[in-house]
Each structure stands twice: as structure tokens, then as C-alpha cells.
Amino acid sequence: LLILPLAVGFYGYSTTKEYESTALLYIQDTSQAAAIVSINPYATPAQNGASAMLELMQSETFAVTVAAVTDLANQYDLTTRFGQGLAYARLSGDIGIYPTAVGGNTLQIVADDKDPKIAQQIVVGLITVFADYFSTQRLALDKKTEQFLLKQIDGAKQQVQQDSDRVQQYLNAHPNLPPDSL
């Protein structure tokens, strides 16, 4: 009776292989990301990058975007809510994703899965989507900043024009001012 659980346990252990894929990502500076995700000013860029990646992977939308650039897109219908939920469950439950800081600027990303191709695609997809996400968010933030600054410039130009008009009105009202008093 004791042999059966041991045999089943040994069979289960020998048939469930995990494959690991690892990549390194150099993160130069995370100060600009502070407007997009929470950044610890006392942590290294790699530590902040690992935290941001873990935080983003909690988002189903982000995780499904990562799944879309892998073969998981062929396994799950990502155009349906149900398929997206299955892909998210697979990414957040079955596949181990471990971003960790290695030194001050190097972020190591490890993905474990029973399919080596999926593990590799997850690492590559995560790096690609992570970089795209920050680029897109940074661009949107820069556009908002540009719009704000253009409004400020327009307001300043209007003020300069109003001031110039007032000076001209004053000069017209006082034509006999000596030139050195201007």
C-alpha cells in the first residue's frame, strides 16, 4: 500500500519538467518612470525595474499583451474575455516569472515553464512589452507636458501683446515725451 503513493509521486516528479529561460536587461535610469509607476528613490534602477515589472504583471491587460507576443496567443483566444482570463491565469499561476536585480543597473528576468519555447518567448515578450509600455506611457506624458507648456507660451505671448499695446497707447497719449525718458 505504501509503494503506490511513492510510485505515483516518483512518476509525477519525473514527468513534470520545468524549463528556465533567463535574460538580462540593463536599466540606466528610472527617474523618468516615476510619473508612470511608483519608484523608490533609495533603490537602484534595477530594483525599481524589478518592482515595476512585478507590478505590471499583476495587471491582466499587461499580462495578456505579453501573452499576445508568444505562442500562448495560439493556445488561447485572446480576442475573447474568457481566453484572456485563461492566458492571465497561465501567466500568473503556471508560469514562474521572476524579475530580480543583479547589481545596480542589471535586471535579470527568469521564466519557468513546462514548454521551453514558451519560457523563452515569455522572457523576450516581457522585455519587449515592458520597454514598449514605458515608451508609450512616456510619450503620452510628454505630449501632455507639451500641451501644457504650449498653453503657457500662448498665455505669455498674449500677455506680451497686451503689454505692448498698452505701451503703444501710452506713447500715443503722450506724444511729447522726450526720447531719453523711454
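Our structure is the block above this text.
Let me sum up the structure you'll find in this document. In this text the structure is predicted, and so the values were computed from the model without any measurement.

**Concerning the overall build of the protein**
In step 1: Helices and strands together make up the secondary structure of the protein, namely six helices and three strands.
In step 2: Relative to all contacts within the protein whose residues are 6 or more apart in sequence, the contacts with residues 24 or more apart total 62%.

**Description of the packing of helix 2 (residues 45-57) against helix 6 (residues 116-173)**
In step 1: Contact geometry of helix 2 with helix 6 gives a least axis separation of 11 Å together with a crossing angle of 95 degrees. By the angle between their axes, helix 2 is roughly perpendicular relative to helix 6. The residues of helix 6 that touch helix 2, namely those facing G49, A52, M53, L56 and M57, are L126, F130, Y133 and F134.
In step 2: Each residue belonging to the contact of helix 2 with helix 6 can be placed in one class, and the counts come to eight nonpolar, one polar and no charged.

**Describing the side chain of D113**
In step 1: Following the sequence through the fold, D113 ends up in strand 3 (residues 106-113).
In step 2: Judged by its relative accessible area of 1%, D113 is buried.
In step 3: Ignoring anything within four residues of it in the chain, the contact list for D113 reads K17, E18, Y19, R90, I95, I118 and A119.

**Digging into the nonpolar core**
In step 1: Counting residues in hydrophobic clusters, the biggest one holds 32 residues, and the most contacted among them are F62, L72, L91, I109, I122, L126 and F130.
In step 2: Ranked by residues supplied to this core, first place goes to helix 6 with eight residues.

**Details of helix 3 (residues 60-68)**
In step 1: Within the sequence span of helix 3, burial applies to F62, A63, V64, V66 and A67.
In step 2: Taken together, the buried residues of helix 3 touch helix 2, helix 4 (72-75), helix 5 (81-94) and helix 6.

Definitions and limits used
- Residues numbered from 1 in each chain as written.
- Predicted model: local features only at pLDDT ≥ 70, side-chain atom pairs only at ≥ 80, totals over all residues.
- Heavy atoms only, no water.
- Helix = DSSP H or I, 4+ residues; strand = E, 2+ residues; numbered from the N terminus.
- Contact = heavy atoms within 4.5 Å.
- Axes fitted to C-alpha atoms, helices over the stretch in contact; angles between N-to-C directions.
- Parallel < 35°, antiparallel > 145°, perpendicular 65-115°, else oblique.
- Nonpolar A, V, L, I, M, F, W, Y, C, P; charged D, E, K, R; others polar.
- Buried < 20%, exposed > 50% of the residue type's maximum accessible area, 1.4 Å probe, protein only.
- Core = buried A, V, L, I, M, F, W, Y, C linked by side-chain atoms within 4.5 Å.

Without other data, these values stay purely geometric and don't point to any function.
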